[in-house]
Each structure stands twice: as structure tokens, then as C-alpha cells.
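Residue-level structural notes
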Amino acid sequence: MADGHAESSKKRDEESEEGLDFSPFWGIEKGAVLQEARCFNESQLDARRCQQVITKLLYLSNQGDSFTKVEATEVFFSVTKLFQSSDSNLRRMVYLIIKEICPSADEVIIVTSSLMKDMNSKIDLYRSNAIRVLCNITDAGLLGQIERYLKQAVVDKNATVSSAALVSGHHLLQVNSEIVKRWSSEVQEALSSKNPLVQYHALGLLHRIKQNDRLAVSKLVTQLSRSPLRSSLAQCLVIRYVAQVIKDTKVDEVTGERPFFDFLESCLRHKSETVIFEAARVIIELNEVTTRELQPAVTVLQLFLSSSKPILRFAAIRALNKVAMNNPSSMTNCNIDMESMISDQNRSIATLAITTLLKTGKESSIDRLMKQISTFMTDIQDEFKVVVVEAIQELCLKFPHKHRILMNFLSNVLREEGGFEYKKTIVDCILCLVKSIPDATEAGLTHLSEFIEDCEFTYLSSQVLHLLGELGPSTADPGKYIRYIYNRVILENATIRASAVCALANFGSCSVALRARVLTLLQRCLYDNDDEVRDRAAFFLSVLRTIPETDSECVEDPLIYPLAPLEASLRQYLENTGDSAFDLAVINQIHNNIASHPDMHASAFDCSSMNISSTKNDLRESENIITSRGEFMSYGPIFKVSSYSSSVVNSCHAVDLTEAETEYKVTCTKHIFKEHIVFHFMCSNTIEDQILENVSVVTDPIEGIEVFAKVSTIPLGTMPLGQFGSTFVSYKRAQGLHPVAKMACTLKFTSKEIDPSSGEPESEGYEDEYTLEDIDVTVTDFLTGNPLSAFRKVWDTLPIENEKVGDYSLGTRDSLGEALEAVVGILGMAACEGSEVIAPHARSHTTLLSGFFVGGHSVLVQLNLGMGPSNSVAMKLIVRAEKPYIADMIHTLVSEA
Amino acid sequence: MGWKDFAEWWRCLVFGPELDLALIGLQNAGKTSFARVLACGAGDDGDAPRPTVGFETSVVRRRRLRLRCVDMGGSARFRALWERHCEDAHVIVWVIDSADAAGAMEARDALRETLASEGLAGIPLLVLGNKSDLPGARGIPQLVDALGLRDIAGREVRCFSISCKLGTNVDAVLRWLTKHARKRRQRRA
């Protein structure tokens, strides 16, 4: 630190000797500045000095120095004394510092009266600044008091005052929108101000006030599009709002014309470049824009391309780049201009120009382009290079015939200097090309194997080696890759060596001719320093030796079993500690079981790790366990798995008072079968010196006793420490009755203490039980979503006499989306035909839901939602189902929720 | 004589004497009204001022006298500020509602507490019994007793009965302030 200071002061001296400017704040320290701030307390204020100190404080705060609460309070209070000075410059600084360090609502309030006085003073400078500060620190109560003044200020003659009030309105909207909404007539008046700044702020505020009223916005925009505004920034805002309105309204189907398109086009002839660009950008981003609509926009952007201002060139090329993605044909005229931009001094512009050209380019122009790019690549930054490489990849996929020249280019750039991200992009690009263009495989592999000869990134090397092992053996001359691979074994670090061994083994197993050579090489690897490399070499050696001489079969991937069931069955195997050996066939059986239900198939595969913390994985895991139990095979396939959140029981129970924290963890998962329901309890013991045996959960129906009849209870032998063991209770469900129940649960177990001296459990245990939370079974558990593509068709097939209609009130909601989410959450059914998407600001909406009730009965629901005044949401629910009692159930479900 | 003192002396010579006042007192005693009366004379303002949130400063010129007033909010939450702003004042002005007998005890305690702080030792105290026009307004002797002004030692204490609404006795207060300012200057010289 001290050295740093000496150095910095030395540097400062040097600089001042050379007559250069240096920051007046160089090396200032918080402590010293706070000391200086005492000058605020002097009875005769030195306005100039105080200003300087405040500037320093502001500088520190902007540089990231934070003040402690005590410091901030002290500074704040001494600053309040500066209100006594009538120096206007000092007063400005006072406003700034109050805004910067307002310590807490309690304290900041004391400047309120002073600011209110300033707000009504004759000096405009005071007024505008006081308004800004006051709105920054005010609370709802005070806002009511000052609202009158703010409203006046909005229409003030002075532009800074009016602007300050409008900007404060923007800020206040977030805190107290109701008050600001009352200003709309004043804001409207400010909109016609002569001052561009005021106009801009007024328009922004007016739009935000009316934001939620689509009709009002549309009216506002229509009115504004007829009379151009003085301020170009405000005009830009109008264009953006127009874009929003266009997005929300539909294209006139008869004429095919968009509303407001004429307005946008007229903006292209505006005198301000900002407005022109904004209009062009909006046109480009229109939905399903036609070539005819694009043409005028592209033309003005083309003019911008040859502008002398770099910012215009950049904006234009960036916009054109977007056009190139969707409508490359509409901008062929610009190609000549863009080609000249490749040599632009600004590298961002040049890169964008190149990538745009790559997108619009024709097959014939590629050779020329690539030549230009290669000269250009050397002097741009890595991040630009990445963009270029990605563009080249797209180009190559578009024109596979040109892969040779493009691949050559890639290999050239691969050899040059570059960071990891850049190299990774190139390698990924080559990998992608190799996989999608068969012709390019050999060339790509050669380039890559040359690349790993001199590659400093372990990750990339192993990736390339893996690819070589995968694709190399099937090429015409696999032998040539072996040298590259074995070189890695000799020269590289352990990770790469291990990958190289795998790659080698692949060659050995696939090609009979090479096998002998590979075996020799692998033999040498047995003397490697690294365990992993040696292990892999030994493993592959023995595998390769077992393959018959003439057979050419790739080394089989040893992990053909899905991980989750494998782990589950292994756990169970360890739990039971049976005498028989572990049988892999069990897993296959489970796997097939799962595979017979396609939707569950996916979930079983995705589940690569047993992550207890995530509920979703919990469910899958639980499902896997259930399917692996023979007891439940007769129940048929699982209809639905759900874990009712309140049934996740985390029970704390002090068994031994000397233990600080003793707890059993029990979670419950419900598995719904056609006629049965199985509760799966996952229990875990967290107490180290006791063993819980013969664990079971006794369920006792409090409600729904007539619907559910207990079939069996499967206890858990031992509750393992820190891991989950399973116990099950199954019920048979009576058909046709309302399947709602509440179960009281008790955990029963035999507790045996572990003798601390021997570490063996005592032979005698005692029985104990612990009350768990109740489990609810609801109708939702028996419903699953079934997305339909042709809702109406299925709807018509269901008998109309089973249709049930009901009206519900959903109370006050923020939006229809929220209401819909709540209803769908209750029903647990799937929305069809994209009807769950609600248009922004919609006041009414219809959603189609479809699902199955257990037993495969279809249920279809039409939800008509409507939002009344004061955001109260009403819903009409129309249900059709195969069985009338199911439709009734849906209604009961909604009305009870 | 340091530079600061010299500067002040020079300013006094050119602009006339200066005086910093700190207006304190309970809520609704009439501090802001008094500040307004100083600034623009009595009785012209129709609506009563709002309660002061925090404080307000104003500069007033009357008869070659420059008065810098800090008008402090009277509610309990701002009382911690009084000391801070009274420290710099030349005169502490305690305004009391002379018609409010019920608040007398609170006023006495608040005044005592404020004057007890070290930073304010020796600063003269001017007590103004406002609202003398109301029926039931107490006279000066009662106020002196109610606030226990006789027990205050170590500072100059003066008490006036005024009415901001009618402007009664405000001139007398101003005269006293002018005299006080002159006296201060002489003492310094």
C-alpha cells in the first residue's frame, strides 16, 4: 500500500512536470475527506471549500467507497446545515449529496421541509433539483402533501422544472402509481411543450401511465403519428410504441396491409438520423415482414453504410446483419457497400460486415470472401474471431460443397495464436462439420490431429482424441491416426494420456489389421505413472485379447444400463445383504418396464444422479423403486406419481435429551395405479448410535374411509443412517366414489442402541412410534395432463349430456395469467393448442385443458376467464368427461380449492 | 484578531449587524409563524403553516439587522436535531403557546433538557409566549413560573408575550434583537 502511494505520487509528480492534467481526486482517502467534512459545521461557511469537499465525497461514493451508517449519518447531518448558505452552487452540491447518501428514511425526512421550501422558491435551479431530491426521498404520506406542487411543476414554464417533475413521475410510478396516474392531463399538456426534452419525458410518462390500457395506447399513438413531434427522441419513442401496437394488432387480411406502416415509412424520411434508424429497425423487426416492406428500410440503411460517422455505419450494419438472418435475398444490393467495409478501421463494424456477407453470400463469392477474411483475421480480437468462425460454420452447412476451402481456412486459423474460447469455437465448428458433412470427415480429422500435436488446452485435446477414437477406425486409412494418438501418450499430461488410451483401444477393436500394433502400444502404457491411464490400458488390453482374431467389433460401452435403476437396485441389494450375487437382469427388467410407458422412459434416462434435494428427481427415483418392487406388479402401470408438498414430513423429535439434534426424515410419495394407491415413505435415520428396525408407517384414514381399503403394508428392515429406505402402504380404491381422503400417519419402529464399546447393536430393542403429518389425497392426484392437438374433435366425441357448467369467482388477481396458473395448478391438466398463452393486456381469455382421469377416462375442460373492473376475475368452467361423476368431481375440486 | 473575526467585523460594517437565531419549542407553538412574521410582517397570510418536517432556514433583513433563522420542527422525532442546530446560534428562541396550559410541563422539561447540553452553554435564551391574543393566554409572570425561567443560570434570559397573528409586541422583540446584536459586536470589538 505504502509503495503504491509512493509510486502514485511519483507518477503524479512526473505528470505535473510534463504539464499533463491529472485528476484532482488522485489518491484521496475516505478518512481524510470525512475530516475535511467538518468544515460544514463552521459558523461562517466557506461555500467554495464545502463544494470541494462534497465533490470529493461524491467521487469516493461513485468510486465504490461505501460509508458506514455512522459516517453517512454524520455527513448527512452536517450537510443539512449547509441549507443556511444561499450560495446556489453549493446548494446544487447539497442536493446531489443528499440523494447520494440518504442514510435512512427516518433521518432523511428532516430535510423535507427545507426541500419543500426550495421547491416553491423563485429560483428555477432550486426548484428542479429540489423536486428531484424530494421525490427520491419521499414516502407515501408526504407524497400526498407535495402532489399539488408536483402537478403544477409538470406544466411549469421552465423546461428544467417541468422535466424534473416528469422524470420524478417516472420514478414515483414504481412506488405509488395511483398518484401519478392522476396527472395525466398535466402530462398531456406538457407533451405539447416547445422544449424537446420536456416533450420526450412527457411522452415516456404518458405512455407508462396508459400502458395497461390498450385502447388508450392505440389512441395516443394514432394521434401522435399524425402530427410529428418536435423532439427526435420523442419521435423515436412514438416509433417504438407504434411497433408495440403493430405487434398487438393483426394484419388486415383483406388488403394485407399493416396499420401504421405508412407512418413508419414516412419516418424513414425524417430529418434526424436517429429517427430514421429507429424506423428502419422497427420495420426490420416486424413479424413476418415482406420483401416489399423491407425495401425502403434497407435502402436507407444502405445510405448509412457509406456515412462518415462510425456510429451510423455500425448501427446500419448491425441492423442489416439481422435482416440477413431471415431475408438474405432482400439485401443483395448492399453487398458491394459491405465488402468495402471489411477494411473499416472500426473492427466491430468490419466483423459485422463480414458475418453479414457470409450470410448473404452466394456460393460463387465464397472464395473471394475467404481470401479477404484471412488477411483480416490476424488483426481482430478473439471475441470477434469467434463471431466470424460461427458465421463460417453456418455458411459451410449451407453450402456443403465448399467444405474444402472453409475447412482449410479453419485449420489455418486453428494453428494461429488464440485463447481457449476461440480455439474451442473452432474445434466445435470442425466437429460439427465433420459430423454433418460426410465428405469433410477425413480432412477434418487430419486437421484436428495436427492441431492436437501442439495444443495447450487439455479439454480440447481430450475432446479431439475421443472423436478420433470414434470416427478414425471407419476412415480409409485408420493407421495414420495411430501415430498422432500415440504421440499424445508419450508427451502429454495424465488426462490426455487416458483419453488417448481409450482412442487407441477403439482402433484396436474395430480394425483387425491394426489390433496387433495397438496391443503393443497398450502394453507400453501399462508402465504409465498415472493410475487411471494404467487401469484403462490394462482393461482394454484384456478386452482386446478376448475378442476373436477375425472379429471386428467396437469395444462395447460397458454402461448400457440406465443409471438410476442400476443405482436403485444396487442400493436395495446392499440393503438386503442377501446371499445371492447381484443380478444385472433385474435392471433390464425394470428398464423394460419403464420403457413400456414412453413418457416415463424419458424421465428414467434423464435421471443420471440420485439427487435427493430435487423433488422431481425424488419422484422419479421413487417411481423407479416402485417399479422395481415385485409386490406392485399386479397393480399395472403407474398412472401418476405425486408428492403432496404438505406430506413431506420433516419431523424433529428428541429421543434422547442429551442429543442436541435428533431427527428422522420421512417423505411421502403417492403412486396412483388403476385401482390402487401406494404411499411410498422414504425414511432416513440421522442418529448415529442407534439402529431403527422393522420400520413401518401406520396410516389411518380420517376421511375417505369408505373409498380406500388397506391392502398391505411393507415394512422396512432397517432404517439406514443418512440414507433413504423405503416402506410402503397400499390401498385399494372403490370405483365411482369421490377419491378424497386424509390419512393420519404414525412412524413405528424398533429402536436398538449401539453399544459404544463394541460398536454392535444391543440385542434388545424397544418399540417406539412418532406421529407424522397427515397426508391428503385429492382428486388432482388422479388426474394427469394429456395435451391434445385437436381439442375440438375430441370435445365433440364426448357425450354432451355429461357436460357440466359452473361459474366461479376467482377474486382479485394481478393478471389473467396468474388466475389461469392457479386454476391449472389445481386441476393438474394440460393446456391444448397453445391456449395457455394469454395475449398481453387481454381482458378475457379461453383456455382448453385436457387430461385423463385414472383408468384412462378422458376429461376435457374449457375455461373462460374474464377480468372485470378492479381486476376481479370471473371464470366459467365447462367440463365434459366420459363419466358424469368425473365431471362433477372436477367442479367439486375447483369449488373447494 | 483572526482573519475570520476580521471578516465578520467587516461584514457587519457593510451589511449591518448579523444574528443567527434557532427557533425551537413544542409543536404548534408558532415557530414557523414567528419566522414568517419576521420575514413579511403580521397577519397577511390566510392559511396556517404546515407542521415543519425537519427544519427550514430563512434569511431576513429588518432595520439593518440580518437575521438568519433556523426554524426547527417541534415534533418529538426532530428534537434530537435541536442541539445540533442551536450550537451555532447566537440566540436560542424558545416559542411557547401561552394559551396551552396543558403543555406547560412538557415544555418545561423539553427546555431544561435542551439547555442542559454542554454545547449550548452561555447562549442567550429568548422566550416568546405566542398567541397572547387568545382568551386564557398567560401573562409573562405565569410563563416565567411555568417554565421555571428563574432557575436558569449562566445565560441571559428574556421573556416576551407576543401574538404572531396580530403582530403584537413583535417590534419589541426586534428591538431587543437589534440591541443584542449591537451589544455582541461591542463585546467582540
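Residues numbered from 1 in each chain as written. Chains lettered and ligands numbered in written order. Predicted model: local features only at pLDDT ≥ 70, side-chain atom pairs only at ≥ 80, totals over all residues. Heavy atoms only, no water.

On to the overall build of chain B. For chain B, the helix and strand inventory stands at six helices and six strands. Starting at the N terminus and walking to the C terminus, you meet the elements of chain B as α-β-α-β-β-α-β-α-β-α-β-α. Counting all 189 residues of chain B, 51% fall into the buried class. Across chain B, contacts joining residues at least 24 apart in sequence account for 75% of those joining residues at least 6 apart. In the form shown here, chain B has an accessible surface area of approximately 9,200 Å², with 51% of it arising from carbon and sulfur atoms. (Helix = DSSP H or I, 4+ residues; strand = E, 2+ residues; numbered from the N terminus. Buried < 20%, exposed > 50% of the residue type's maximum accessible area, 1.4 Å probe, protein only. Contact = heavy atoms within 4.5 Å. Areas by Shrake-Rupley, 256 points an atom, 1.4 Å probe, with all protein chains shown as cover.)

Residue and element names in this part refer to chain A. The interhelical angle for the contact between helix 7 (residues 112-119) and helix 8 (residues 124-137), taken along N-to-C directions, is 145°, at an axis separation of 8 Å. Helix 8 is crossed by helix 7, and the crossing has left-handed handedness. Facing helix 7, whose interface residues are Thr112, Leu115, Met116, Asp118 and Met119, helix 8 presents Tyr126, Arg127, Ala130, Ile131, Val133, Leu134 and Ile137. Looking at the contact of helix 7 with helix 8, its residues break down into nine nonpolar, one polar and two charged. (Axes fitted to C-alpha atoms, helices over the stretch in contact; angles between N-to-C directions. Left-handed = near helix turned anticlockwise from the far one by under 90°. Nonpolar A, V, L, I, M, F, W, Y, C, P; charged D, E, K, R; others polar.)

Glancing now at the sheet that holds strand 3 (residues 65-72) of chain B. All names here are of chain B. Here we have six strands laid out as an open sheet, ordered 2-3-1-4-5-6, and mixed in their pairing. Looking at which strands have only one partner, the edges of the open sheet turn out to be strand 2 (55-62) and strand 6 (157-161). The sheet shows a mean angle of 20° between the axes of neighbouring strands, direction not considered. (Pairing = 2+ DSSP bridges.)

It is worth spelling out the pattern of salt bridges at this point. Residues and elements named next belong to chain A. Tallied over the full model, the rule gives 28 salt bridges over all chains. Glu71 is paired through a salt bridge with Lys30; the nearest N and O atoms lie 3.2 Å apart. Highlighted residues: Glu71 in helix 4 (residues 69-81) and Lys30 in helix 2 (residues 30-36), separated in sequence by 41 residues. Arg281 serves as the salt-bridge partner of Glu278, at 2.8 Å between the closest nitrogen and oxygen. One end of the pair is Glu278 and the other is Arg281, both in helix 17 (residues 273-284) and three residues apart, which spans about a single turn. Each member of the salt-bridge network shares a partner with another, and the members are Arg240, Glu278, Arg281, Glu285 and Lys322. (Salt bridge = Lys/Arg side-chain N within 4 Å of Asp/Glu carboxyl O.)

So, on to helix 15 (residues 232-248) of chain A. All names here are of chain A. Given a rise of 1.5 Å per residue, 17 residues ought to cover 24 Å, and the 25 Å separating the end C-alpha atoms of helix 15 matches this to within 8%. For helix 15, the set of buried residues is Ala234, Gln235, Cys236, Leu237, Val238, Ile239, Tyr241, Val242, Ala243, Val245 and Ile246. Those residues of helix 15 that are buried are in contact with helix 13 (196-210), helix 14 (214-226), helix 16 (261-267) and helix 17. (Expected span 1.5 Å × (residues − 1).)

Another aspect to go through is the interface of chain B and chain A. In this assembly, 22 residues from chain B lie in contact with 23 residues from chain A. Taken over both partners, the interface formed by chain B and chain A buries close to 2,000 Å², and the fraction arising from carbon and sulfur atoms is 47%. Our enumeration of links across chain B and chain A arrives at two salt bridges. Its salt-bridge partner being Asp88 of chain B, residue Lys81 of chain A comes within 3.2 Å of it at the nearest N-O pair. One can count seven residue pairs in polar contact (both at pLDDT 80 or more) joining chain B with chain A. Those elements that provide at least two residues to the side of chain B that touches chain A are helix 1 (3-15), strand 2, strand 3 and helix 3 (79-86) of chain B. Sort the elements by how many residues they give to the side of chain B that touches chain A and strand 2 of chain B lands first, with four residues. A per-class count over the side of chain B that touches chain A returns six nonpolar, five polar and eleven charged. (Buried area = accessible area lost by both parts, 1.4 Å probe. Polar contact = N/O pair within 3.5 Å; in protein donor to acceptor, adjacent residues only side chain to side chain.)

Now for the UniProt feature "binding site: Mg(2+)" (unreviewed entry) in chain B. Residues annotated by UniProt as "binding site: Mg(2+)" (unreviewed entry) correspond here to Thr32 and Thr52 of chain B. These residues run over 21 residues, yet every pair of their C-alpha atoms falls within 7.5 Å of each other. By secondary structure assignment, the location of Thr32 of chain B is in helix 2 (residues 31-40). Once residues lying within four places of it in the same chain are set aside, the contact partners of Thr32 of chain B are Pro49, Thr52 and Asp71 of chain B. Inspection of the secondary structure puts Thr52 of chain B in the loop between helix 2 and strand 2. According to the relative accessible area criterion, Thr52 of chain B is buried, its value standing at 13%. The contacts of Thr52 of chain B, once residues within four sequence positions are left out, are Ser113 of chain A together with Thr32, Asp71, Gly73 and Phe78 of chain B. (UniProt positions renumbered as here; feature names shortened; annotations may be inferred.)

Here we come to the state of the cysteines. All names here are of chain A. Tallying each qualifying case throughout the model produces zero disulfides over all chains. Distance from the sulfur of Cys432, which forms no disulfide, to the nearest cysteine sulfur (Cys429) is 6.7 Å. For Cys432, a relative accessible area of 25% corresponds to the partly exposed category. (Disulfide = S-S within 2.5 Å.)

Relative to strand 9 (residues 741-753) of chain A, strand 5 (residues 690-703) of chain A runs antiparallel, the two being bridged by eleven bridges. Along strand 9 of chain A, the bridge assignment pairs Thr699 of chain A with Cys745 of chain A.

To continue, consider the pairing of strand 8 (residues 725-733) of chain A. Residues and elements named next belong to chain A. Counted residue by residue, strand 8 has eight buried out of nine residues, so it is predominantly covered. In the sheet, strand 6 (residues 708-714) pairs with strand 8 via six bridges, with the strands oriented antiparallel. Its bridge partner being in strand 8, Phe708 is matched across the sheet by Arg733.

We now examine a negative patch on the surface. Residues and elements named next belong to chain A. Residues Glu416, Glu417, Asp454 and Glu456 make up a contiguous surface patch of negative charge. Within the secondary structure layout, Glu416 lies in the loop between helix 24 (403-415) and helix 25 (420-436). The partly exposed category is assigned to Glu416, whose relative accessible area is 33%. (Patch = residues over 30% accessible without salt bridge, like charges linked within 9 Å, V, L, I, M, F, W, Y side chains within 5 Å. Lys, Arg positive; Asp, Glu negative; His and termini not counted. Charge placed at Lys NZ, Arg CZ, Asp CG, Glu CD.)

Next up on the list: the environment of Lys247 of chain A. Residues and elements named next belong to chain A. Assignment of secondary structure puts Lys247 in helix 15. For Lys247, a relative accessible area of 56% gives the class exposed. When the C-alpha positions of Lys247 and Arg258 are compared, they lie 9.9 Å apart, and in sequence the two are eleven residues distant.

Another aspect to go through is helix 3 (residues 47-62) of chain A. Residue and element names in this part refer to chain A. Here helix 3 spans 22 Å end to end across 16 residues, near enough to the 22 Å set by a 1.5 Å rise per residue. Where helix 3 is concerned, the buried positions are Ala47, Cys50, Gln51, Val53, Ile54, Lys56, Leu57, Leu58, Leu60 and Ser61. As for helix 3, its buried residues are in contact with helix 2, helix 4 and helix 5 (88-100). Gly64 lies just past helix 3 and shows a positive phi near 100°.

In this section: the side chain of Thr441 of chain A. Locating Thr441 of chain A in the fold gives a position in helix 26 (residues 441-453). Apart from the residues within four sequence positions on either side, Thr441 of chain A is in contact with Val434 and Leu471 of chain A.

All names here are of chain A. In the contact formed by helix 3 and helix 5, the axes pass within 9 Å of each other and the chain directions differ by 25°. One finds that helix 3 runs roughly parallel with respect to helix 5. Seen along the crossing, helix 3 lies across helix 5 with a hand that is left-handed. Residues Ala47, Cys50, Gln51, Ile54, Thr55, Leu57, Leu58, Ser61 and Asn62 of helix 3 touch helix 5, and the partners they reach there are Asn89, Leu90, Met93, Val94, Leu96, Ile97 and Glu100. (Parallel < 35°, antiparallel > 145°, perpendicular 65-115°, else oblique.)

Before going further, it helps to spend a moment on the nonpolar core. Phe40 and Leu410 of chain A together with Trp94 of chain B are the most contacted members of the largest nonpolar core, which has 219 residues in total. In terms of residue count, helix 15 of chain A provides more of this core than any other element does, ten residues in total. Both domains that meet at this core, namely domain 1 (213-288) and domain 2 (472-558) of chain A, each give it at least three residues. Those residues in contact with Leu410 of chain A that lie beyond four places of it in its chain are Val389, Ile392, Ile426, Cys429, Ile430 and Leu433 of chain A. (Core = buried A, V, L, I, M, F, W, Y, C linked by side-chain atoms within 4.5 Å. Domains from an automatic or database assignment.)

Attention shifts here to the environment of Val695 of chain A. For Val695 of chain A, the position within the fold is in strand 5. When neighbours within four sequence positions are excluded, Val695 of chain A is seen to be in contact with Pro715, Leu716, Gly717, Met719, Thr727, Leu747, Lys748 and Phe749 of chain A.

Here the focus is unusual backbone geometry. Residues and elements named next belong to chain B. Here Asn28, not a glycine, exhibits a phi torsion of approximately 65°, which is positive. With respect to the helices and strands, Asn28 occurs in the loop between strand 1 (18-24) and helix 2. For Asn169, which is not glycine, the phi torsion reads 70° and is therefore positive. Examined against the element boundaries, Asn169 turns out to sit in the loop between strand 6 and helix 6 (170-188). Take Asn169: its relative accessible area is 36%, and that puts it in the partly exposed class.

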